[in-house]
Amino acid sequence: MTTDTLPVALIQHRDAGSVAANLDATAQAVADAATGGARLVVLAELHTGPYFCQTEDPDLFDRAESIPGPSTKRLGQIARDNGVVLVTSLFERRAAGVYHNTAVVFEADGHPAGLYRKMHIPDDPGYYEKYYFTPGDTGFAPIDTSVGRLGVLVCWDQWYPEAARIMALSGAQCLIYPTAIGWDPRDEADEQTRQREAWITVQRGHAVANNLPVLACNRTGHEADPSETSPGARFWGTSFVAGPQGEFLAQAGEGQPEILRATLDLGRTETVRRMWPFLRDRRIDAYGPILKRYIDRAD
């Protein structure tokens, strides 16, 4: 790390209707973020198109691209043109029948610094990701870049403290979550509030438990269900950056695309870990049961 402070930007995304239009919008947003001083820019989950997992349709596998491929070529150029480290999210065609939800990180000179394949894959109404995505095999390994060691995870991973902890134990200097999460428009207002607050709270908890900044970059806007069997999804935006005690450093609004800017003080992790030495006090001799699916009484 060359400095203790890192200007960052999160591009809260609304689908623009096509791969070309989305990449053009990304190019403009990243340029604006870089002009504002950002050195690390994070994009939302699956930002080159709609969130297509609302339905199960074999034709939608045609959306997947190889890595490297056309989108990575364009995204690498965007990173290079603006001199930023860029965290992206793509539907990867690894082989026939093997597809992943993959985050690719580009260095400021445009070359790929590494990738992470989403490990936790949901299967819920409107989020039929197990149909499309093979679980990742990269493990929870941070990606080294010129702005630091990035703990890149993706969306559903954000509910799992184990993933955040392993990234922290592997030396990650921040946790990054490209995300696509929203409401079923039929949900009551109180239920919508509970869902969003749970999403925010669990990630702030990862910041606190690991004394690391957290960057969560979400989609926004309504997207129709192509099968027309539901009213679609309303992505709730509210992207945010939290510091190593869970404090909000910046938070976006709900309904519009937005460039969310913040400055990370990376030296605070050392300071906070001296006050709250959670890693020192871990009882690694007693955690064996965590490897079980569930602890039955007979165990």
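Let me sum up the structure you'll find in this document.

Reading the values: rules and limits
Sequence order sets the numbering: in each chain, residues are counted from 1 along the sequence as written. Only residues with pLDDT of at least 70 get local features here, since the model is predicted, and only at 80 or more are side-chain atom pairs given and counted; chain-wide, interface and lining totals rely on the full set of residues. Side-chain numbers come from the whole structure's heavy atoms, not from hydrogens or water. Method remark: on a 1 Å grid restricted to protein atoms, a set of points is classed as a cavity if a 1.4 Å probe fits but cannot get out and as a pocket if it is open with protein on both sides within 12 Å along at least five of seven lines; lining residues have an atom within 4 Å of a point. Grid points are joined across faces, edges and corners, and a volume is the space filled by probe spheres set on the points. Charged residues are taken to be Asp, Glu, Lys and Arg, nonpolar residues to be Ala, Val, Leu, Ile, Met, Phe, Trp, Tyr, Cys and Pro, and polar residues to be all remaining types, Gly included. The way it works is that DSSP assigns letters per residue, a run of H or I at least four long becomes a helix, a run of E at least two long becomes a strand, and they are numbered from the N terminus. Counting of polar contacts relies on pairs of N or O atoms within 3.5 Å, with two restrictions inside protein: one atom must be capable of donating a hydrogen and the other of accepting it, and residues adjacent in sequence are counted only when both atoms are side-chain atoms. Residues are treated as being in contact if the distance between any of their heavy atoms lies within 4.5 Å. Lines fitted to C-alpha atoms define the axes here, with helix axes fitted over just the stretch in contact, and angles between the N-to-C directions of these axes take values from 0 to 180 degrees. Each crossing gets its hand from how the near helix is turned against the far one by less than a right angle, where anticlockwise is left-handed and clockwise is right-handed. A pairing counts as a salt bridge when a side-chain nitrogen of Lys or Arg comes within 4 Å of a carboxyl oxygen of Asp or Glu. Our angle categories are set so that under 35 degrees counts as roughly parallel, over 145 as roughly antiparallel, 65 to 115 as roughly perpendicular, and the remainder as oblique. Pairs were defined over the aromatic rings of Phe, Tyr and Trp, the Trp ring being its six-membered one, requiring ring centres within 6.5 Å. Orientation was assigned from the angle between planes: stacked under 30 degrees, edge-to-face over 60, tilted for the rest. Here the term buried applies to any residue with accessible area under 20% of the maximum for its type, exposed to any over 50%, and partly exposed to those in between, with areas from a 1.4 Å probe on protein chains only. Look at NZ for Lys and CZ for Arg. If either is within 6 Å of the ring centre and within 35 degrees of the ring normal, a charge sits over the ring.

## Overview of empty space enclosed by the protein
Piece 1. One pass over the structure, following the stated rule, counts one cavity of 30 Å³ or more.
Piece 2. The calculated volume of the largest cavity comes to roughly 130 Å³.
Piece 3. V19, L46, T48, G49, P50, F52, R63, A64, E65, S71, L90 and F91 together form the lining of the largest cavity.
Piece 4. Class assignment for the residues of the lining of the largest cavity results in seven nonpolar, three polar and two charged.

## Description of the side chain of T179
Piece 1. Here T179 shows up in the loop between β8 (174-178) and β9 (182-183).
Piece 2. In terms of polar contacts, T179 uses its side chain to reach the side chain of Q158, at 3.0 Å.
Piece 3. Polar contacts involving the side chain of T179 include one to the main-chain carbonyl oxygen of Y177, which spans 2.9 Å.
Piece 4. Other than its neighbours up to four places away in sequence, T179 contacts A44, E45, C155, Q158, W199, C217, N218 and R219.

## As for the packing of helix α4 (residues 161-169) against helix α5 (residues 189-210)
Piece 1. Running from amino to carboxyl end, α4 crosses α5 at an angle of 35 degrees, the nearest separation of the two axes being 10 Å. Taken as a pair, α4 and α5 cross one another with a handedness that is right-handed. Taken together, the residues of α5 that come into contact with α4 (itself represented by P161, A164, R165 and A168) are H206, A209 and N210.
Piece 2. In the contact of α4 with α5, the residues fall into four nonpolar, two polar and one charged.

## With respect to the pattern of salt bridges
Piece 1. Overall, the coordinates contain 16 salt bridges when judged by the stated rule.
Piece 2. One connected set of salt bridges, linked through shared partners, spans E92, R94, R117 and D137.

## So, the layout of surface pockets
Piece 1. In this structure, the largest pocket spans a volume of roughly 640 Å³.
Piece 2. As for the largest pocket, its lining consists of 13 residues, of which E162, I166, I290, L291 and K292 are closest to the centre.
Piece 3. Roughly 480 Å³ of volume is contained in the second largest pocket.
Piece 4. The wall of the second largest pocket is formed by 29 residues, among which D124, P125, G126, Y127 and G182 lie closest to the centre.
Piece 5. When contributions to the lining of the second largest pocket are tallied by element, the ones reaching two or more residues are β9 and β12 (233-236).
Piece 6. Partitioning the lining of the second largest pocket into residue classes produces 13 nonpolar, nine polar and seven charged.

## Let's talk about the packing of helix α1 (residues 19-35) against helix α2 (residues 70-82)
Piece 1. Where α1 contacts α2, the axes come no closer than 9 Å and their chain directions differ by 15 degrees. For the element pair α1 / α2, the angle class is roughly parallel. Between α1 and α2 lies a crossing of right-handed hand. Touching V19, L23, D24, T26, A27, V30, A31 and A34 of α1 are S71, R74, L75, I78 and N82, all from α2.
Piece 2. Class assignment of the residues belonging to the contact of α1 with α2 gives a composition of eight nonpolar, three polar and two charged.

## Comments concerning the packing of aromatic side chains
Piece 1. This structure, assessed with the given rule, holds 20 aromatic pairs.
Piece 2. Between F61 and Y132, the ring centres sit 5.1 Å apart and the planes meet at 50 degrees, which makes this aromatic pair tilted. Of this pair, F61 sits in the loop between β2 (40-43) and α2 while Y132 sits in helix α3 (residues 129-132); the two residues are 71 residues apart in sequence, bridging distant segments of the chain.
Piece 3. Judged by relative accessible area, Y132 falls into the buried class, the value being 2%.
Piece 4. Ring centres 5.7 Å apart and planes at 85 degrees place the aromatic pair F240 and F248 in the edge-to-face group.
Piece 5. Judged by its relative accessible area of 36%, F248 is partly exposed.
Piece 6. The lysine or arginine in question, R204, covers the ring of F248, its NZ or CZ lying 4.3 Å from the ring centre.
Piece 7. Between R219 and the ring centre of F235, over which it is positioned, the NZ or CZ distance is 5.5 Å.

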